[in-house]
Amino acid sequence: MRIAEVHIHNLAIADPPIRSSYGLHQPYALRSILELKSDDGVTGIAETYGGEAPAAALEALKPRLIGANPFRLTGSLMDLIGGEGSGDARSQTMLVPGENPLDANPRTYSAVETACLDLIGKTLNVPLCDVLGTRVRDAVPFSAYPFYKHAGGGGEGDDKREDEYGEALTPEGLVAQVRQMIATYGFKDIKFKTGVLDPDIEIETVRQLAREFRMPVRMDPNSAWTVETSIRVGRELREELGAHTGGYLEDPTATIDGMAAVRRGLLAEGIDVPLASNVAVTCFADLPEAFAKNAVQIVLCDHHYWGGMRQVMQLAKICQVWGVGLSMHSNSHLGVSMMAMAHVAAATPHLTYACDTHYPWSQAKDEVVLGGRVPIVDGVIRIPERGGLGVELDYDQVARGRERYAKCPYRKRDDTAEMRKHVDPTWERLLPRW
Ligand code: GKR
Ligand code: MG
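Residues numbered from 1 in each chain as written. Chains lettered and ligands numbered in written order. Predicted model: local features only at pLDDT ≥ 70, side-chain atom pairs only at ≥ 80, totals over all residues. Heavy atoms only, no water.

1. Let's talk about the sheet that holds strand β4 (residues 28–38)
Then step 1. Strands sit in the order β1-β4-β5 across an open sheet of three strands; the sheet is antiparallel. Of all the strands in the sheet, the pair left with one neighbour each is β1 (3–14) and β5 (43–49). Averaged over all pairs of adjacent strands, the angle between their axes in this sheet comes to 20°, without regard to strand direction.
Then step 2. Where helix α1 (residues 52–65) meets the sheet, its contacts fall on β1, β4 and β5, and the angle it forms with β1 comes to roughly 175°. (Pairing = 2+ DSSP bridges. Helix = DSSP H or I, 4+ residues; strand = E, 2+ residues; numbered from the N terminus. Axes fitted to C-alpha atoms, helices over the stretch in contact; angles between N-to-C directions. Contact = heavy atoms within 4.5 Å.)

What follows is the structure, given as structure tokens:
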């Protein structure tokens, strides 16, 4: 089997105005779809970050993809995930995920790997997690992912969307948002994006969420706080976020040293609120320092930028050996990424928390998966007994996504620009802000 055709689709999908310490989401999130078609006429697909740079990187790789054997292709691309500047090096830039030039190669590699594994799975009629070979669960749990949010449903002009969730800028608004998400998807865990409002309001919001839903809550201010503020929040929320609840505090402050200082400060007071990270720790090269300094008790994996699914499985094993938990990070995405996340989670034994997903923030109108949105029922995605990812592309929907991309002015994610446009013309991303 050889790869005969490679297609890359740039898509724009409506995205509501949700907030984080990065700023405000633009009306469209950008995604790329990669298709690898074999000479047998089978097509493997992958979804990754969108906009100009990720698509150009995939485009540039075409000559190495055409004619390649998909069973061996990812082995011949190891230069993208090993060696200087390609995945073995430190990659922290504090830029939004998907816009970090230092992990561009692992992201490109990951898309090719996912498409190859899908192609192999579809050719053999074997689900992708069974191609990976270590399926340990058939149903993968995901978390509700509430955000502080302005009014609006995303999209622009005559493509402006209904506001499914409404504004949520108060503790009560957040509780209402989570109630709606849980009613629709049945989630059993809550991952709450913070670093947006004064920490006292966010503390109150977590308290209300924990009281109302009685399920594990995680709080992620994306490095918006000082070490002192982080310790104070950990102290005040020890009952809501403590290890005994299945909760955690994610990236309260920037840098491995900052995280280590927060952990030390909390432990000195006898408080076991574990710290998770997808900001202080973004690649394998961060692990030795992070573990040596006890900066991170849970790593958030993400096959999109950790260099693919098999790298995530290796990360899981390293974490297990070091007694560190593993959770899964997410950015705005469609059903192809959703299924890839579910398959790698199904095949990763040491996955100790329900995974994050932005999927509730995307809309059926933009879904490119044939048959519509991937179902999340009772908070889980069930692995379908179909080959590869278990989903195919709906080419009419892909064409609509391409059209939206062509029409919209966005070519990269820029939450600061959007914040200045709609909320505060003088806004700057401050780390720490509080
Ligand atoms: O979508 O605004 C967002 C999130 O803040 C996202 O960019 C983060 O990557 O979900 C993420 C996280 O867990 O840090
Ligand atoms: Mg995070």
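2. Let's talk about the pairing of strand β8 (residues 217–220)
Then step 1. Residues V217 and M219 point to one face of β8 and R218 and D220 to the other, with burial holding for every one of them.
Then step 2. Across four bridges, the pairing between strand β7 (residues 190–193) and β8 is parallel. If you follow K191 over to β8, its bridge partner there is R218.
Then step 3. The parallel pair β7 and β8, bridged by helix α6 (residues 199–213), forms a crossover whose chirality is right-handed.
Then step 4. Across two bridges, β8 lies against strand β9 (residues 248–250) in parallel orientation. (Buried < 20%, exposed > 50% of the residue type's maximum accessible area, 1.4 Å probe, protein only. Right-handed = clockwise from strand over helix to strand, strands pointing away.)

3. Quick word on the coordination of the magnesium ion (ligand 2)
Then step 1. Taken together, the protein donors to the magnesium ion (ligand 2) comprise D220 (OD), E250 (OE) and N278 (OD1), at separations of 2.0 to 2.2 Å.
Then step 2. Donor residues for the magnesium ion (ligand 2), ordered by position in the chain, follow D-x29-E-x27-N. Taken together, the positions of D220 in strand β8 and N278 in the loop between β10 (275–277) and α10 (287–292) put the pair 58 residues apart, joining distant regions of the chain. The exposure classification of D220 matches that of N278, with both residues buried. (Donors = N, O, S within 2.8 Å, 3.2 Å for Na, K, Ca; no water.)

4. Re the pattern of salt bridges
If the charged atoms of two oppositely charged side chains come close together, the side chains can form a pair.
Then step 1. Summed over the entire model, instances satisfying the criterion amount to 32 salt bridges.
Then step 2. Among the ionic pairs, K149 bridges to D163, the shortest N-O distance being 2.7 Å. Taken together, the positions of K149 in the loop between β6 (139–141) and α5 (171–185) and D163 in the loop between β6 and α5 put the pair 14 residues apart, joining distant regions of the chain.
Then step 3. Overall, D163 belongs to the partly exposed group, its relative accessible area being 29%.
Then step 4. For D366, the salt bridge identified is with R161, shortest N-O distance 2.8 Å. Residue D366 is found in the loop between α12 (335–346) and β13 (380–382), and its partner R161 is found in the loop between β6 and α5; the two are separated by 205 residues along the sequence. (Salt bridge = Lys/Arg side-chain N within 4 Å of Asp/Glu carboxyl O.)

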